[in-house]
Amino acid sequence: MKKLMVACACILALGMMSCKNTNYCYKLTYETMGVTSYSYIYCTENELDAAIEDAAKAAGIDKKAFNYTKENKSAKDCVGAGIEL
């Protein structure tokens, strides 16, 4: 019984570690002068920081100004960008 519990714990730990290598849809947002801009990106959690850094360079702002949320969208639907007034 003890071996079974250890095996289950190992499998659970491996499963939790692999989540960082799973692609998700993220909505990146930032606000300037009262206007909120957003864009969607489909990447792993490990790639998200680099994507935010690239977006910050393109927008000419500090990467700390960006917020992100995980969206429930497929890779095909995780596209687009826009502004919210």
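Residues numbered from 1 in each chain as written. Predicted model: local features only at pLDDT ≥ 70, side-chain atom pairs only at ≥ 80, totals over all residues. Heavy atoms only, no water.

## What about unusual backbone geometry?
Moving on, step 1. Although it is not a glycine, Met-33 adopts a positive phi angle of roughly 50 degrees.
Moving on, step 2. For Met-33, a relative accessible area of 86% gives the class exposed. (Buried < 20%, exposed > 50% of the residue type's maximum accessible area, 1.4 Å probe, protein only.)

## Some words on the nonpolar core
Moving on, step 1. Among the nonpolar cores identified, the biggest contains 8 residues, and these are Tyr-26, Leu-28, Tyr-30, Cys-43, Leu-48, Ile-52, Ala-56 and Phe-66.
Moving on, step 2. Taken together, the elements giving at least two residues each to this core come down to strand 1 (24-32) and helix 2 (45-59).
Moving on, step 3. Here Leu-28 is in contact with Ser-37, Tyr-38, Ser-39, Ile-41, Leu-48, Ile-52, Ala-55, Phe-66, Asn-67 and Tyr-68, once residues within four sequence places are set aside. (Core = buried A, V, L, I, M, F, W, Y, C linked by side-chain atoms within 4.5 Å. Helix = DSSP H or I, 4+ residues; strand = E, 2+ residues; numbered from the N terminus. Contact = heavy atoms within 4.5 Å.)

## Quick notes on the environment of Lys-64
Moving on, step 1. Checked against the element boundaries, Lys-64 lands in the loop between helix 2 and strand 3 (67-71).
Moving on, step 2. For Lys-64, a relative accessible area of 72% puts it in the exposed group.
Moving on, step 3. In the structure, Lys-64 is positioned 12 residues away from Ile-52 in sequence and 9.0 Å away in space, judged by C-alpha atoms.

## Let's talk about the confidence of the model for the protein chain
Moving on, step 1. Per-residue pLDDT for the protein chain has a mean of 80; in total, 76% of the residues score no lower than 70.
Moving on, step 2. For the protein chain, the element scoring lowest by mean pLDDT is helix 1 (residues 2-18), at 44; strand 3 scores highest, at 94.
Moving on, step 3. Within the model, pLDDT remains below 50 along residues 3-18, and this stretch shows 0 contacts once partners closer than five positions in the same chain are excluded. (pLDDT = per-residue confidence, 0-100.)

## Topic: the pattern of salt bridges
Moving on, step 1. This structure, assessed with the given rule, holds 3 salt bridges.
Moving on, step 2. When the shortest N-O distance is used, the salt bridge between Lys-27 and Glu-84 registers 3.5 Å. Here the residue Lys-27 occupies a position in strand 1, and Glu-84 occupies one in strand 4 (residues 81-84), the gap between them amounting to 57 residues.
Moving on, step 3. Assessed through its relative accessible area of 17%, Lys-27 is described here as buried.
Moving on, step 4. One salt bridge connects Lys-63 with Glu-53, and the closest N-O pair in it is separated by 3.5 Å. Here Lys-63 is found in the loop between helix 2 and strand 3, whereas its partner Glu-53 is found in helix 2, with 10 residues between them in sequence.
Moving on, step 5. Looking at Lys-63, the relative accessible area reads 33%, which means it is partly exposed.
Moving on, step 6. Through salt bridges with shared partners, one network takes in Asp-49, Glu-53 and Lys-63. (Salt bridge = Lys/Arg side-chain N within 4 Å of Asp/Glu carboxyl O.)

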